[in-house]
Structure formats: C-alpha cells, structure tokens
Amino acid sequence: MDNKKFKILAIVDAVLIVVLIVVMMVLKGNYNDQAQASVKEQVGAYQEKANGMLQEQWKSMDQYGMAWKLVYATLTTAKTEAAFDAAVKAIEEDKDARFKQLSYMYTAAGIPPKVQNDINEKGGLADKFLLKNEGGVKEVACGKNCTLTFTFAKGKLQASDYKALVEYNMDEAFKLEAPAEFHFE
Amino acid sequence: MNIKNIAIVLSVLVVAIAAMLFMQKGNYVTQATEHYTKTTGNSFKGSSKIIEYVNSTAGTTKLLWALTCDAVQGAKTSQDMAKLEGKYFPATKGSNSISQKTRRFEPTAAYSIVTTFDKVDVDKKTDLKTLSGLKSIDVSTLLGNAVIAAAAEEEEGEDEGEE
C-alpha cells in the first residue's frame, strides 16, 4: 500500500474513533440511567413484596390473637349469642388491647419495637374480624386462610370448633420467596 | 513516525474502542446485578427472620392457648394440668405452689399460665400434696398484659435442686 492509501485509512480511522467515542459517551449515559432505573424498580418491587408479607403477617397475628381471645371467652362465659356478639364487639373495638397482645408476641419473638411500629404504621391492624353473621352462623377470621365457625340456635351456642386455630400452620401461611434474578433489558 | 505507522495505530485503536463499546453494557449489567442481589438479599434475610421468629412464637402461644382451652373444659386437679402440659409441651413441667394454691406453667420466658385451685389434697400414705378444684387460669401473658422479663440465664441457677 502506498502512502496515499495509508493516509486515507488514517483519516477514516480518526473519524471512526471520534464517532465511536461519541456513541460510547451517549450509550454510557443511557446504560447508567437504565441500570439505575431498573435496579430501583426491581428492588422497590421486591421490598414492597417483603413489606407486604410482614404487614399481612401482622394483620393475621392480630386476627389470630383476637380469635383465641374469643374462643377462650366462649368457653369461660355464658354460651349465648348475646354474650358472643358482645365479646366479638369488645375484642374487635379494643385496639389498644389488640396492639398490646400483638406487640407482646413480637417482643417475645425478639422483634424490636421500632420494627413493630414500622410494620403497624404501614399496614395497621386487621380490618376484619367477624366475616359472616347469617342465621345464627357466625364466622370469624383467625388469620390468613383461617376461619372459625360458631353456630347458634335460639340464642344458644350449638357448636364451636376451634380446630382450625389449633391446626393453624403459620410456616405455610407466611413464607417469603427469595428475590428473582435481576433483569436488564 | 510515518503515515503507515499512524494508520496502523489508529486501526488498532478503532478495534479497541469498538470492543470497549460492546463490553460497556456488560459492565453496567454486572454492577446493577451486584447491587440488586445485595439489596434484595438483605431485604429477604431480614424479613424472613422476622417472619420465622414470629411464626415460631405464635406456634408456642397456639399450644399454650390450646392447653388452656382444654383445661377450662375438663381439668380439675393439678395432676390433670400436668397431663395436659405433657400433651402439649412434653419437655416442660409446671410447678405447684401449695401455699398459694396455684400451679405455674412457663414454657418460655415470655409465656406462662397460672392456674388457681380451691384446695390442697394430702395423700395420707405418701404425704404428697396436690391441688384440686380448678378455679381459674390466669392468661395475662397470652393477652400481652405482662412485661417480658429480661432474658436471664436462669437455667444455670437450677443446678442445686438436681440431687
């Protein structure tokens, strides 16, 4: 190759280098923004999932505590529909007692008060306790996938079965999945 | 340096920059993956621990509530209570306080129940004292109406009674 051809090659190379550097700078910014956005989005989604599970567990444990309190009340006080209704109302409305019972359990489990308050502030206590009240059949929530049924006839308690509570499998109900692989488009 | 050398050096540079361009994305993916794995990993570990510890404590309260509910439906004496305790917590035994006519069962430092009885029975042959006439069961800890005692290593102090 003669000098002229090398000269052309050198010029083409120089142009290519400039173009490639410009492309690289542009892509660098794009990749950086994309990667940051993608990480933020996927980390956020997972943290939301984990927090959601903690809040769900908190609410369920609230229902669980209320349900045991109610079962104990039905066994130790008058077995009438009126007494049952009063107990449900009293238990559900006493939010301080519910929080105290829950917080005691979490403290016993070694969960610091700050973490408990965080979970409670984000999710709050359970919204529902009495799920069904039709024709003497009353259903109360005793946690995630846990329901107790009490049957009344002529104002008297006919059947109360708290087997669901005794057999409640928390490990099955509350299990956090490991994070999925990171995806970058 | 003549033009030939310059052209060769520039060509090598073009190839090198092109290679860097292709590797650039890979680097960002690696960095992002590392950050994602670390952050979500911490979140997974922390939350899983909370879930696990709470499940475990709730499991203990479940057994203690079940024991209490069984007791109020049929237990009359301290021996009845001992049987129920053995059914739900085979490794833990309750203890009677004859002077106070109570029986205390404490499966964990945070959770316990105290059963109050009406009277003290004395076996004439063995002089063994037991309690009968179950009156009530104190479930304060199950309701959260108690203060959790500081985790003291109490077990060590119990060696004296073993002989």
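Worth saying up front: this structure is predicted, and the values here are computed from it rather than measured.

Turning next to the overall build of chain A. In terms of regular secondary structure, chain A is built from 6 helices and 4 strands. Taken over C-alpha atoms, the radius of gyration comes to 31 Å for chain A, far larger than the 16 Å a tight globule of 185 residues would show. Counting only C-alpha atoms and orienting by the principal axes, one finds that chain A spans roughly 110 × 35 × 25 Å. Across the 185 residues in chain A, those meeting the buried criterion constitute 29%. A sequence separation of at least 24 residues applies to 62% of the contacts in chain A between residues at least 6 apart.

When pLDDT drops low, the exact placement of atoms in the prediction is not to be read closely. Residues and elements named next belong to chain B. Per-chain confidence: chain B averages 89 in pLDDT, with 90% of residues scoring 70 or above. Under a pLDDT of 50 for its full length, residues 151-163 has, in the predicted model, 1 contact with residues more than four places off or in other chains. Confidence estimates for the predicted assembly give a pTM of 0.85 and an ipTM of 0.88.

What follows covers the sheet that holds strand 4 (residues 156-161) of chain A. Residue and element names in this part refer to chain A. Taken in spatial order, the 4 strands of this open sheet run 1-2-3-4, and their pairing is antiparallel. Of all the strands in the sheet, the pair left with one neighbour each is strand 1 (130-134) and strand 4. For this sheet the average axis-to-axis angle between neighbouring strands, irrespective of direction, equals 20 degrees. Bridge analysis of strand 2 (residues 137-143) against strand 3 (residues 146-153) gives 6 bridges, and the strand direction is antiparallel.

What follows concerns the nonpolar core. Grouped together as the largest cluster of nonpolar side chains are 55 residues, with contacts concentrated most on Ala67, Val71, Met105, Val140, Cys142 and Leu165 of chain A. Residue contributions to this core peak at 12 residues, all from helix 1 (residues 3-76) of chain A. Among residues more than four places away in sequence, those in contact with Val71 of chain A are Tyr162 and Leu165 of chain A together with Cys69 of chain B. Ala35 and Val39 of chain A together with Tyr28 and Ala32 of chain B belong to the second-largest nonpolar core, a separate cluster that totals 5 residues.

Next up on the list: the pairing of strand 4 of chain A. All names here are of chain A. Burial analysis of strand 4 places just 0 of its 6 residues in the buried class, a small minority of the element. The pairing of strand 3 with strand 4 spans 5 bridges and is antiparallel. If you follow Ala153 over to strand 4, its bridge partner there is Lys156. Where strand 3 folds back onto strand 4 in an antiparallel hairpin, the turn is made up of 2 residues, including Lys154, whose phi is positive at roughly 50 degrees.

Within the fold, Gly155 of chain A resides in the loop between strand 3 and strand 4. Spatially, the C-alpha atoms of Gly155 of chain A and Leu20 of chain A are 85 Å apart, while their sequence positions differ by 135 residues.

A separate point is the sheet that holds strand 3 (residues 113-122) of chain B. Residue and element names in this part refer to chain B. With antiparallel pairing, 4 strands are arranged side by side in an open sheet as 1-2-3-4. Looking along the sheet, the strands with just one partner apiece sit at the ends: strand 1 (95-97) and strand 4 (129-138). Here the strands of the sheet are splayed against their neighbours by 35 degrees on average, with no regard to which way each runs. Bridging between strand 3 and strand 4 involves 8 bridges; their strand directions are antiparallel. Bridge assignment links Val122 to a residue of strand 4, and that residue is Lys129.

Taking 1.5 Å per residue as the helical rise, helix 3 (residues 95-108) of chain A with its 14 residues ought to reach 20 Å, and the 20 Å between its terminal C-alpha atoms agrees with that figure. Residues Arg98, Gln101, Leu102, Tyr104, Met105, Tyr106 and Ala108 of chain A constitute the buried set of helix 3 of chain A. Buried-residue contacts for helix 3 of chain A involve helix 1 and helix 4 (113-123) of chain A together with helix 1 (3-72) and helix 3 (140-143) of chain B. Positive phi appears at Gly110 of chain A, one or two residues downstream of helix 3 of chain A, with a value of about 90 degrees.

With that settled, the discussion passes to the packing of helix 1 of chain A against helix 1 of chain B. Viewed as axis vectors pointing N to C, helix 1 of chain A and helix 1 of chain B meet at an angle of 5 degrees, and their least axial separation amounts to 7 Å. In terms of orientation, helix 1 of chain A lies roughly parallel with respect to helix 1 of chain B. Classifying every residue of the contact of helix 1 of chain A with helix 1 of chain B gives 46 nonpolar, 16 polar and 5 charged.

Quick look at helix 2 (residues 78-88) of chain B now. All names here are of chain B. Every buried residue of helix 2 is listed here: Ser78, Met81, Leu84 and Glu85. Looking down the long axis of helix 2, one finds its buried residues gathered within 115 degrees of arc, a one-sided arrangement. Check the buried side of helix 2 and you find it contacts helix 1, strand 1, strand 2 (102-105), strand 3 and strand 4.

The subject of this paragraph is the interface of chain A and chain B. By a widespread convention, an interface's size corresponds to the accessible area lost as its parts come together. On the side of chain B, 53 residues touch chain A, which itself brings 59 residues to the contact. Listed by contribution, the elements that provide at least two residues to the side of chain A that touches chain B are helix 1, helix 3 and helix 6 (170-173) of chain A. The dominant element in the side of chain A that touches chain B, judged by the number of residues it contributes, is helix 1 of chain A, at 36 residues. Among the residues forming the side of chain A that touches chain B, the class breakdown is 42 nonpolar, 11 polar and 6 charged.

Another aspect to go through is the packing of helix 1 of chain A against helix 3 of chain A. All names here are of chain A. Taken N-terminus to C-terminus, the directions of helix 1 and helix 3 make an angle of 110 degrees; their axes are 9 Å apart at the nearest point. Relative to helix 3, the element helix 1 is oriented roughly perpendicular. Seen from above, helix 1 lies across helix 3 with right-handed handedness. Counting all contacts with helix 1, which are made through Trp58, Met61, Asp62, Gly65 and Met66, the residues of helix 3 involved are Arg98, Gln101, Leu102 and Met105. Broken down by class, the residue content of the contact of helix 1 with helix 3 amounts to 5 nonpolar, 2 polar and 2 charged.

What counts as what
Residues numbered from 1 in each chain as written. Chains lettered and ligands numbered in written order. Predicted model: local features only at pLDDT ≥ 70, side-chain atom pairs only at ≥ 80, totals over all residues. Helix = DSSP H or I, 4+ residues; strand = E, 2+ residues; numbered from the N terminus. Rg over C-alpha atoms; globule rule 2.2 N^0.38 Å. Buried ≥ 20, exposed ≤ 12 C-beta atoms within 10 Å, placed from the backbone. Contact = placed C-beta atoms within 7 Å. pLDDT = per-residue confidence, 0-100. Pairing = 2+ DSSP bridges. Axes fitted to C-alpha atoms, helices over the stretch in contact; angles between N-to-C directions. Core = buried A, V, L, I, M, F, W, Y, C linked by C-beta atoms within 7 Å. Expected span 1.5 Å × (residues − 1). Parallel < 35°, antiparallel > 145°, perpendicular 65-115°, else oblique. Nonpolar A, V, L, I, M, F, W, Y, C, P; charged D, E, K, R; others polar. Arc of directions from axis to C-beta. Left-handed = near helix turned anticlockwise from the far one by under 90°.

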